[in-house]
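Chain by chain, the residues:
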Amino acid sequence: MSKQIKHKLTLALFLIIPTLLLLVFGILPIINLIIISFTSWNGMGSEFDWVGLANYKTLLTSPVYWHALKTNTYYLVSGILQMIIAYYFAVLLSEKTMGKSFFKSLFLLPSLISSIAVAMIFRLFFSPDGAFDQLLHFFHLGAWQTFWLGDPDQVNITLASISLWRNLGMSFLLYYGAIQSIPKDYQEFCYLEGATLWQKTRWVTIPQTKKVIFLNTLLLIIGVISVFDIPFILTNGSNGTTTIVVQTMKLAFEQKKYGLASSLSVLITLMIVLLSGVLQYIKNKGGENA
C-alpha cells in the first residue's frame, strides 16, 4: 500500500467517529424533530396522527405565541445595552487605569456563577422588603417599591436587567481581548498625533474590532431568541414572562403537545438561521469577508 493511500485511509478512519457522532446526535435528531412537527404526537406512544402544517398555522395565528416572542424583545434591549456597556468599559480598561485587575474581575465574576445560583440570589434581592427595596428606602425612593418579580408591568424589565448583569462579563471579555490584540503601532501613532480617547476609539479601535463586534452581535441574536434559564427559574413563565423557549418547554413537558413544541423549535431554529444570514449579508455588503 502506497504512502498516499495510507495517509488517506488514516484520515478516513479518524473522520469516521466524529461523523457518526454528528449523524447520531446532530443530524438524525433534527430530522426526527422536523418529522414530529407535522404530527400531533403527545410523547407517550409510538403512534401519532399526521396533521400537516396545522401546527405551524396554530403557532403563526395564535396571539399566545406572538406574546411569548414579544417578551424576548425585553432581552433584545438589554442585550444591546449589554454590548454598549461592555465595549465602553473594555475601551476604558484597555487604557492605563487604576484598579484595572479589580474591575476586570468584577465584570467576569457574574459569568462564572451558575444560572440557578444567580436566580436564587436575585429572588432574595428583589423579594418584597428585600435588599433592593431597602436600598430604595435608604435613598428616600420608597415610592418606587413594587413587587419586582410579580408586577406584570415591571417583571420583564427586572428579569432582563438580571440577564444583562449575568452576561455582561462574556461580552466584555471578547471586546477586551480584541482590543488588546490591536497592534501597538496603531496605539503609538495615536499617541504621537495627540488623538483623544474618543478619536482613537472611533478611527482605530472600532475598525480593528469589527469582526468581534459581529461575533458578539451574532451571539446576542442567538441568546435573545433562546432565553430560558432566568425567566424559567425565577417565575416559571408566569405574569407574562414566558419567552419563546419557555413556551416550547411548557408545550412539551406540561401540556404534552410534542408535535406543537417541535414545530415551535423548528421556527426558533429558522429565526436564528434567518437573522444570522441577514447579519452575515450586512457584514459582507459592508466590505468585510466572512
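These lines cover the structure that appears in this document, whether it is placed above or below. Treat the numbers as computed from the prediction; the structure is a model and nothing was measured. (Residues numbered from 1 in each chain as written. Predicted model: local features only at pLDDT ≥ 70, side-chain atom pairs only at ≥ 80, totals over all residues. Heavy atoms only, no water.)

**What to know about the nonpolar core**
Stated formally: The nonpolar core is taken to be a set of buried Ala, Val, Leu, Ile, Met, Phe, Trp, Tyr and Cys residues, with the residues joined through side-chain atoms within 4.5 Å. Exposed residues in this analysis have more than 50% of their type's maximum accessible area, buried residues have under 20%, and partly exposed residues fall in between, with area computed by a 1.4 Å probe over protein chains only. Here a helix means four or more residues in a row that DSSP labels H or I, a strand means two or more in a row labelled E, and each is numbered from the N terminus. A contact between two residues is defined here by any heavy atoms of the two lying within 4.5 Å.
If you look at the biggest cluster of nonpolar residues, it comprises 22 residues, and the most contacted ones within it are Leu59, Ile244, Leu251, Leu264 and Ile268. Taken together, the elements giving at least two residues each to this core come down to α2 (54-61), α3 (63-94), α10 (210-225), α12 (244-254) and α13 (258-285). With nine residues, the single largest contributor to this core is α13. Excluding residues that lie within four positions of it along the chain, Leu264 makes contacts with Leu59, Ile244, Gln247, Thr248 and Leu251.

**Some details on the packing of helix α5 (residues 115-125) against helix α7 (residues 155-180)**
Worth spelling out the cut-off: Axis geometry follows a simple rule: fit a line to the C-alpha atoms, using only the stretch in contact for helices, then measure angles between N-to-C directions, giving values from 0 to 180 degrees. When describing relative orientation, an angle under 35 degrees is termed roughly parallel and one over 145 degrees roughly antiparallel, while 65 to 115 degrees is termed roughly perpendicular and anything else oblique. Throughout, a crossing is termed right-handed when the near helix is turned clockwise from the far one, and left-handed when it is turned anticlockwise from it by less than a right angle. In the scheme used here, Gly and all other residues not listed as nonpolar or charged are polar, with Ala, Val, Leu, Ile, Met, Phe, Trp, Tyr, Cys and Pro taken as nonpolar and Asp, Glu, Lys and Arg as charged.
Orientation of α5 relative to α7, taken along the N-to-C sense of each, is 135 degrees, at an axis distance of 11 Å. In terms of axis orientation, α5 runs oblique to α7. Note on packing geometry: the crossing formed by α5 with α7 is right-handed. Facing α5, whose interface residues are Ser115, Val118 and Phe122, α7 presents Ile162, Trp165 and Arg166. Looking at side-chain class alone, the contact of α5 with α7 contains four nonpolar, one polar and one charged residues.

**Re the layout of surface pockets**
This is how the line gets drawn: Using a grid of 1 Å spacing that covers the protein atoms alone, one calls a set of points a cavity when a 1.4 Å probe fits there but cannot get out, and a pocket when the set is open and has protein on both sides within 12 Å along at least five of seven lines; lining residues are those with an atom within 4 Å of a point. Grid points are joined across faces, edges and corners, and a volume is the space filled by probe spheres set on the points.
If you add up the space inside the largest pocket, you get close to 470 Å³. Lining the largest pocket are 18 residues, with Ser94, Glu95, Lys96, Gln187 and Lys200 sitting closest to its centre. At the level of elements, α3, α7, α8 (184-193) and α9 (197-208) are the ones that each hand at least two residues to the lining of the largest pocket. The biggest single contributor to the lining of the largest pocket is α8, with five residues. In this structure, the second largest pocket spans a volume of roughly 410 Å³. The wall of the second largest pocket is formed by 21 residues, among which Gln82, Ser163, Asn167, Leu219 and Gly223 lie closest to the centre. Mapped by element, the contributors of at least two residues to the lining of the second largest pocket are α3, α7, α10 and α11 (229-235). Considering every element that reaches the lining of the second largest pocket, the biggest residue donor is α7, with six residues.

Geometric descriptors of this kind do not, in isolation, establish any biological role.
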